[in-house]
Amino acid sequence: MAKLPTSVPLLVDRFGPHTHTIPPGGWTSAEEPDRTVKTHCCFCGQQCGIQLKVKDNKVVGFEPWQDFPFNLGKLCPKGVKRYLQGDHPDRLLTPLERVQGEGFRRIDWNKALDRTAEAIRRIQQEHGHDAFAVLTGASLTNEKAYLMGKFARVALRTANIDYNGRLCMVSAAAASKKILGYDRAANPWSDIRKSKCILVAGANVAECAPITTEYLWSAREAGAKIIVLDPRMTPIARTVDLYIPVRSGGDIGIFNGMLHVMIERGWIDRDFIAKHTTGFEEVERAVRKYTPEYASKIAGVPASMIVRAAEMWGPAESSFLLHSRGIEHHTKGVENCMAAINLVVATGRIGREGSGYAMITGQGNGQGAREQGQKCDQLPGHRDIENPEHREHMANVWGVLESSIPHKGLSALEIFEAAHARKIRGMILLSFNPMVSLPDQRFIREAIERLEFFAVIDFFLSETARFADIVFPGSLMEEDEGTTTSAEGRVVHHRQVVDPPGEARQDWKIICDLATRLGPKDKFAFASPKEIFDELRQASRGGASDYYGITWEKIDEQKGVFWPCPELDHPGTPRLYEGGRFAHPDGKAHFQAVEWRPAAEEPDEEYPITLTSGRVVAHYLSGNQTRRIGALVKQTPQPYCEMHPRLAEKLSVAEGDFVRVESRRGSTTLRALIVKTIRPDHVFVPYHWPLERSVNNCTIRAIDPVSKIPEFKICAVRVAKAAPPSDDHVKLAPEAGGLR
């Protein structure tokens, strides 16, 4: 059974996280690098261009890539320091097996692969194919994401594969597909600069997608008006024309209220609606009751703010909508996004320069990783796993019977619920750290401890990998080659910069070696990631996200290629929906009427405060990488509970006091950070830390019924001043879960 082999302090002492502060050769090395390699930062969905400097097969520094069109050489704090995870003392260098009572010890590669293959066979023979699950990351290259989907469905024949993009983009993806037909940003980011009114909903741009800040400021310099919706006055919100401090979960009140005003004042494009859309009558009926006064009660803001937002957005010459996890991490996340997109389509301002819509992808390959078939309900090319024609296409590409391809499986959180119920007995996990990132941490730990066999592929021993039977040392982004697809829909090329250290291997080789042991050797005889990409191109051909016309050479020549790109001589498609032609078979946008409903858990007398969670600029996802980079840890060493002075006064809490944040599921004790930039009825805790410091001890295991995204942005808590914590892990370093 999966379990911790020894105490957390002993595991931390050997495997970290420890901070790394100095590059190979030190800061003052006078030696010239052997080479400089153009590639991309992997620490968010923007995929900024960067040049890495290499000496003796080690990354020793970086140079800006000035002419890469997205970031023009600019980088955020994570981009500047990312290379310090190379040559890191915590790096996994050999396969490991768990030794109960001791920790982990080195195991031979063949023995590790054989033992894993044997465990998969045994569990599937005893309990069925679906009793073994595969979970992956949304930061993987397109090639690895494609390979993992094929591995699960062809080698393991399990329906239960999903990815941690389920915690990120799926609500936006579902909403965009329902209304517009494609799951992709409608416009390149260059269109933001040319817009005259920009609405940013639930997106902490300056911290989570820092380079996008420059696009917004450029638009503002050119005269654009900017509106921001967020319960917290995030850094970008402090510079805009209208900041609306919407309560978490109240976004539909803003969107439907704005549309109500726009219809009343004639600020919608009825000619465009008649020619290019369906379903507006239902939307018009639905928003009729959302008067500014009614909508303000849902949104928790004055009605005048909703009217003012409509006055700015409605008659604008051009407009651009951006949204992110703030409106997506809800049990009504898909509905939130659809209500936002309705605002775009109703004006007809989409599919042209300076006017459109985009969701801001969070994870490194949050866009591409959801297109290549590692979601439980999708095949490569955004194909539907229950569509007979789509299944037949993939059966032909893979050389298998259509009937052998499993049908729709469980989503990420549902997989852990099935493990908790002992319906799933084994799991292999690649670049996913659920012991930090999933809600209701006590339940997640119980689920992992009920697995009969657990294997992990990663380059650091994450908090989740500590429970594994077998740990395979995988590869960093710069140790492999492949492509990712940025938030814009631009496919970019990550070049291999250095070789994996020690006995570590590239992830795709580990998966192919394992698939070979499970039987279908000829289906996984790839000699390079480029061969995987060539098969991916064929798999996506004719699908919504068509990569057939994209080659690595074309990517290098054009500095990225936007899909769909259906033929080799096609230039790619930076802007979708031009001429009012949408991606549904009828060529029209399909409005979706949306009605507000409460969150799974609203504040009440017992738990009267709304907890919301999110990211900070210094850290990335579960922190498994950034909590090992000294400069980033120094910038934000530990989590905190952000609260308004009025709430702090009510709770008799002063700046720096310890407070206990407690929900019906668990608690965390942290220092208080008192700021005026948050609603007085909310508290905020960043989520990058483990153990007793994890905000996900408190968050709720409730999901959107369509996208299956967890409701990270709202649950009910009570907060009280507390004594300094004395739990088992408080004395660890802050990056490992301690507290100072």
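- Per an unreviewed UniProt entry, the protein chain goes by Molybdopterin-dependent oxidoreductase and derives from Pendulispora brunnea.

### Description of the side chain of Arg391
Thinking step 1. For Arg391, the position within the fold is in helix α15 (residues 388–398).
Thinking step 2. Within the local environment of Arg391, its side chain forms a polar contact with the backbone oxygen of Ile405, the two atoms lying 2.5 Å apart.
Thinking step 3. Among all residues touching Arg391, those that are not within four sequence positions of it are Leu379, Ile385, Glu386, Glu402, Ile405, Pro406 and His407.

### Points about the environment of Ile226
Thinking step 1. Along the chain, the position of Ile226 falls in strand β9 (residues 225–229).
Thinking step 2. Discounting chain neighbours no more than four positions away, the residues touching Ile226 are Ile198, Val200, Leu216, Arg220, Val240, Asp241, Leu242 and Met312.

### With respect to the sheet that holds strand β21 (residues 561–562)
Across a sheet, strands are paired by hydrogen bonds formed along the backbone, either parallel or antiparallel in direction.
Thinking step 1. Judged by pairing direction, the sheet is antiparallel, and its 3 strands sit side by side in the order β19-β20-β21 without closing on themselves. Both edges of this open sheet fall to β19 (482–485) and β21, since each of them pairs with a single strand only.
Thinking step 2. Of the strand pairs in this sheet, strand β20 (residues 490–494) and β21 are connected by 2 bridges, and their pairing is antiparallel. Following the sheet pairing, Arg490 is matched in β21 by Phe562.

### Brief notes about the pattern of salt bridges
Thinking step 1. Under the definition given, this model contains 59 salt bridges.
Thinking step 2. Taking the shortest distance from any N to any O, the salt bridge between Arg664 and Glu606 comes out at 3.8 Å. A residue pair is termed long-range when its members are at least 10 positions apart, and Arg664 in the loop between β25 (658–662) and β26 (667–674) and Glu606 in the loop between β22 (589–590) and β23 (609–614) qualify at 58 residues.
Thinking step 3. Relative accessible area serves as the criterion here: at 45%, Glu606 is assigned to the partly exposed category.
Thinking step 4. One salt-bridge network, held together by shared partners, links Glu601, Asp604, Glu606, Arg660, Glu662, Arg664, Arg665 and Arg718.

### Things to note about helix α3 (residues 109–127)
Thinking step 1. With 19 residues, α3 extends 27 Å from end C-alpha to end C-alpha; this agrees with the ideal 27 Å at 1.5 Å per step.
Thinking step 2. Looking at the buried side of α3, the elements it contacts are β6 (132–136), α4 (142–156), β16 (426–430), β17 (453–458), β18 (470–473) and α19 (507–518).
Thinking step 3. Sitting at the head of α3, Asp108 places a side-chain oxygen 2.8 Å from the backbone nitrogen of Asn110.
Thinking step 4. Following α3 by one or two positions, Gly128 adopts a phi angle in the positive range, close to 100 degrees.

### Points about the UniProt feature "domain: 4Fe-4S Mo/W bis-MGD-type" (unreviewed entry) in the protein chain
Thinking step 1. Taking the UniProt record as the reference, the feature "domain: 4Fe-4S Mo/W bis-MGD-type" (unreviewed entry) is found at residues 34–90.
Thinking step 2. Helix makes up 9% of residues 34–90 and strand makes up 35%, while its end C-alpha atoms are separated by 25 Å.

### Quick word on the packing of aromatic side chains
Thinking step 1. Scanning all chains against the criterion turns up 15 aromatic pairs.
Thinking step 2. With 6.3 Å between their ring centres and 45 degrees between their planes, Phe533 and Trp552 make a pair best called tilted. Of this pair, Phe533 sits in helix α20 (residues 529–540) while Trp552 sits in helix α21 (residues 552–558); the two residues are 19 residues apart in sequence, bridging distant segments of the chain. Both residues of the pair, Phe533 and Trp552, belong to the buried class.
Thinking step 3. Of the aromatic side chains, those joined through ring pairs into one cluster are Tyr182, Phe272, Trp563, Tyr577 and Phe582.
Thinking step 4. Positioned above the aromatic ring of Phe684 is the side chain of Arg232, whose terminal nitrogen or guanidinium carbon lies 3.6 Å from the ring centre.
Thinking step 5. We note Arg537 situated over the ring of Tyr548; from NZ or CZ to the ring centre the distance is 5.0 Å.

Rules behind the numbers
- Residues numbered from 1 in each chain as written.
- Predicted model: local features only at pLDDT ≥ 70, side-chain atom pairs only at ≥ 80, totals over all residues.
- Heavy atoms only, no water.
- Helix = DSSP H or I, 4+ residues; strand = E, 2+ residues; numbered from the N terminus.
- Polar contact = N/O pair within 3.5 Å; in protein donor to acceptor, adjacent residues only side chain to side chain.
- Contact = heavy atoms within 4.5 Å.
- Pairing = 2+ DSSP bridges.
- Salt bridge = Lys/Arg side-chain N within 4 Å of Asp/Glu carboxyl O.
- Buried < 20%, exposed > 50% of the residue type's maximum accessible area, 1.4 Å probe, protein only.
- Expected span 1.5 Å × (residues − 1).
- UniProt positions renumbered as here; feature names shortened; annotations may be inferred.
- Phe/Tyr/Trp six-rings, centres within 6.5 Å; stacked < 30°, edge-to-face > 60°.
- Lys NZ or Arg CZ within 6 Å of the ring centre and 35° of its normal.

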